[in-house]
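Structural overview for review
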Amino acid sequence: MRTALVIGTGLIGTSAALALQSRGVLVHLADHDPEQARTAAALGAGTDEAPAGPVDLAIVAVPPAHVASTLADAMRRGTARAYLDVASVKAGPRRELEALGLDLSAYIGTHPMSGKERSGPLAATADLFEGRPWVLTPTRETETEVLNLALELVALCRAVPVVMDADAHDRAVALVSHMPHLVSSMVAARLENAEETAVRLCGQGIRDVTRIAASDPRMWIDILSANPGPVADLLADVAADLDETVQALRSLQSSDEAKRQDGAFGIETVLRRGNAGQVRVPGKHGSAPTAYETVAVLISDQPGQLARIFADAGMAGVNIEDVRIEHATGQQAGVVQLLVDPKVAPALAGALRDRGWSLRQ
């Protein structure tokens, strides 16, 4: 691939452009808002000048509702040898393109499973897709050259290709992305009118659960409008679980010992089902989940503290698998949770103490 056209310079489009540009591909940028394309160009994502002729690959990075019309326009103008989109739903846009009577042999639907709470070109990074799944949904019509160009794009963005059927993809993202986002928003909504004294007690648990609720509602309306059925089915199942959990909690309030035991069993059941589901979430680099041990280090909110911890861990010969930060309410301090292989946790704890760090038990 030597040339590409990115249509839509938001987070995903600009991130893909940055990755391609950094690896020697000449990227042209287009957007319905020329100022946004100029911003992406200023960030080094390519040029906002129109290509002189057809490019190798056109990447359509617009909201799902506009994918079909944008692709149809690009195809009719012959802007590229191959076309793909990166929308978070796949079956709907393809059916719309089929209804328009277009030759879809030069098109493939794709979806990089990566993103942020923030949108727009200023949130984009060239490494956004590294190590992340990138779904490809070829059909029997898809030309081999088109599939190969899509695979080359995934490789240049250092993502991991996953081939799926379009409808299966939409059911999957409803489960692992769309439904969780709505549940996160519902939990966060409980905080809107909560007493300030309660909100000040927020810890890492509530931050983890509500993090994705910070995303742009307009973007999510576009996404959910394109995949409402599967998401509604999943939420109906969640609602049934909620009803059973509420009944179990009510039983725990009973003065009748048998009812309390039934209530405890109901709560234990939902918690154990949660355990069973959570362990299926892929671990680092998409591998099987790994149980890590946490070494919790107290830090002050000063420049260079995290760098010092990582440097000291490196001097101890310990690889940090993951890191989490919990800020102390009302104080310029917090706790850094270093997740490491259980076999090296004692050595890391000892090394950090020797270097003057305070650890939380």
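Provided above is the structure to which this section pertains.
Residues numbered from 1 in each chain as written. Predicted model: local features only at pLDDT ≥ 70, side-chain atom pairs only at ≥ 80, totals over all residues. Heavy atoms only, no water.

**Describing the overall build of the chain**
Looking only at helices and strands, one finds 13 helices and eleven strands in the chain. By its C-alpha atoms, the chain is 70 × 55 × 40 Å across when sized along the principal axes. Taken across its 361 residues, the chain has 38% of its residues classed as buried. Put simply, the chain shows about 19700 Å² of open surface, and 54% of that area lies on carbon and sulfur atoms. Distance between charge centres in the chain, computed from 33 positive and 44 negative side chains, equals 4 Å. (Helix = DSSP H or I, 4+ residues; strand = E, 2+ residues; numbered from the N terminus. Buried < 20%, exposed > 50% of the residue type's maximum accessible area, 1.4 Å probe, protein only. Areas by Shrake-Rupley, 256 points an atom, 1.4 Å probe, with all protein chains shown as cover. Lys, Arg positive; Asp, Glu negative; His and termini not counted. Charge placed at Lys NZ, Arg CZ, Asp CG, Glu CD.)

**A few points about a nonpolar patch on the surface**
Side chains of Leu306, Phe310, Val323 and Ile325 sit close together on the surface and give an oily, nonpolar patch of about 270 Å² of accessible area. Within the secondary structure, Val323 is located in strand 9 (residues 322-327). Under the relative-accessibility criterion, Val323 is labelled partly exposed at 33%. (Patch = residues over 30% accessible without salt bridge, like charges linked within 9 Å, V, L, I, M, F, W, Y side chains within 5 Å. Salt bridge = Lys/Arg side-chain N within 4 Å of Asp/Glu carboxyl O.)

**Observations regarding helix 10 (residues 228-252)**
Taking 1.5 Å of rise per residue, 25 residues should cover 36 Å, and helix 10 covers 36 Å from first to last C-alpha, within 8% of that figure. Buried within helix 10 are the following residues: Val231, Leu234, Thr245 and Ala248. Of the surrounding elements, those touching the buried residues of helix 10 are helix 6 (166-189), helix 9 (217-225) and helix 11 (257-278). (Expected span 1.5 Å × (residues − 1). Contact = heavy atoms within 4.5 Å.)

**Description of the nonpolar core**
Core analysis: the biggest nonpolar cluster contains 57 residues, and Met1, Leu20, Trp134 and Leu153 have the highest contact counts within it. Looking at which element gives the most residues to this core, the answer is helix 1 (residues 11-22), with seven residues. Excluding anything up to four places from it in sequence, Leu153 contacts Met1, Leu20, Leu57, Ile59, Leu84 and Trp134. Listed in part, the 16 residues of the second largest apolar core include Val295, Val297, Val340 and Ala349. (Core = buried A, V, L, I, M, F, W, Y, C linked by side-chain atoms within 4.5 Å.)

**A look at the packing of aromatic side chains**
In this structure the tally under the stated criterion is one aromatic pair. With a centroid separation of 5.0 Å and an interplanar angle of 50°, the aromatic rings of Phe129 and Trp134 are classed as tilted. Of the two residues, Phe129 and Trp134, neither departs from the other in class, the shared state being buried. (Phe/Tyr/Trp six-rings, centres within 6.5 Å; stacked < 30°, edge-to-face > 60°.)

**Here we look at the pattern of salt bridges**
On inspection of all chains with the given rule, the structure shows 16 salt bridges. Asp216 is paired through a salt bridge with Arg218; the nearest N and O atoms lie 3.3 Å apart. One salt-bridge network, in which partners are shared between bridges, spans Arg23, Glu130 and Arg158.

**Observations regarding the side chain of Lys90**
Note that Lys90 resides in the loop between strand 4 (80-85) and helix 4 (91-99). Relative accessible area serves as the criterion here: at 1%, Lys90 is assigned to the buried category. What Lys90 contacts, discounting residues up to four positions off in sequence, is Asp85, Gly109, Thr110, His111, Thr137, Ala166, His169 and Asp170.

**Quick notes on the sheet that holds strand 4**
Strand order across the open sheet formed by seven strands is 2-1-3-4-5-6-7, with mixed pairing between neighbours. Looking at which strands have only one partner, the edges of the open sheet turn out to be strand 2 (26-30) and strand 7 (160-163). Each neighbouring strand pair of the sheet contributes to a mean axis angle of 25°, computed without reference to strand direction. Note: strand 1 (residues 3-7) against strand 2, five bridges, orientation parallel. For Leu5, the partnering residue across the bridge sits in strand 2 and is His28. Along the sheet, helix 3 (residues 64-76) contacts strand 1, strand 3 (55-60), strand 4 and strand 5 (107-112); its crossing angle with strand 4, the most-contacted strand, is approximately 175°. (Pairing = 2+ DSSP bridges. Axes fitted to C-alpha atoms, helices over the stretch in contact; angles between N-to-C directions.)

**Some words on the packing of helix 4 against helix 6**
Two elements in contact, helix 4 and helix 6, have axes separated by 8 Å at closest approach and are oriented at 145°. For the pair helix 4 and helix 6, contact is made by Ala91, Gly92 and Arg95 and by Ala166, Asp167 and Asp170, respectively. For the contact of helix 4 with helix 6, the per-class residue count stands at two nonpolar, one polar and three charged. (Nonpolar A, V, L, I, M, F, W, Y, C, P; charged D, E, K, R; others polar.)

**Remarks on helix 13 (residues 345-354)**
For helix 13, every residue scored as buried is listed here: Ala345, Leu348, Ala349, Ala351 and Leu352. One side of helix 13 carries all its buried residues, which in axial view fall inside an arc of 165°. Exposed side chains of helix 13 directed beyond 90 degrees from the buried face belong to Pro346 and Asp354. (Arc of directions from axis to C-beta.)

**Comments concerning the environment of Leu191**
With respect to the helices, strands and loops of the structure, Leu191 is situated in the loop between helix 6 and helix 7 (196-199). Separated by 127 residues in sequence, Leu191 and Pro64 have C-alpha atoms that sit 30 Å apart. Residues contacting Leu191, with those up to four places away along its chain left out, are Val199 and Ile206.

**Some points on unusual backbone geometry**
Of note in the backbone geometry, Arg158 takes a positive phi value of approximately 60° without being a glycine. On the secondary structure map, Arg158 appears in the loop between helix 5 (144-156) and strand 7.

**So, the environment of Ser119**
With respect to the helices, strands and loops of the structure, Ser119 is situated in the loop between strand 5 and strand 6 (133-137). Taking the relative accessible area as the measure of exposure, Ser119 reaches 42% and is therefore partly exposed. Each C-alpha atom, one on Ser119 and one on Ile12, is 8.4 Å from the other, the two residues being 107 residues apart in sequence. With near-sequence residues (within four places) excluded, Ser119 lies in contact with Leu11 and Asp216.

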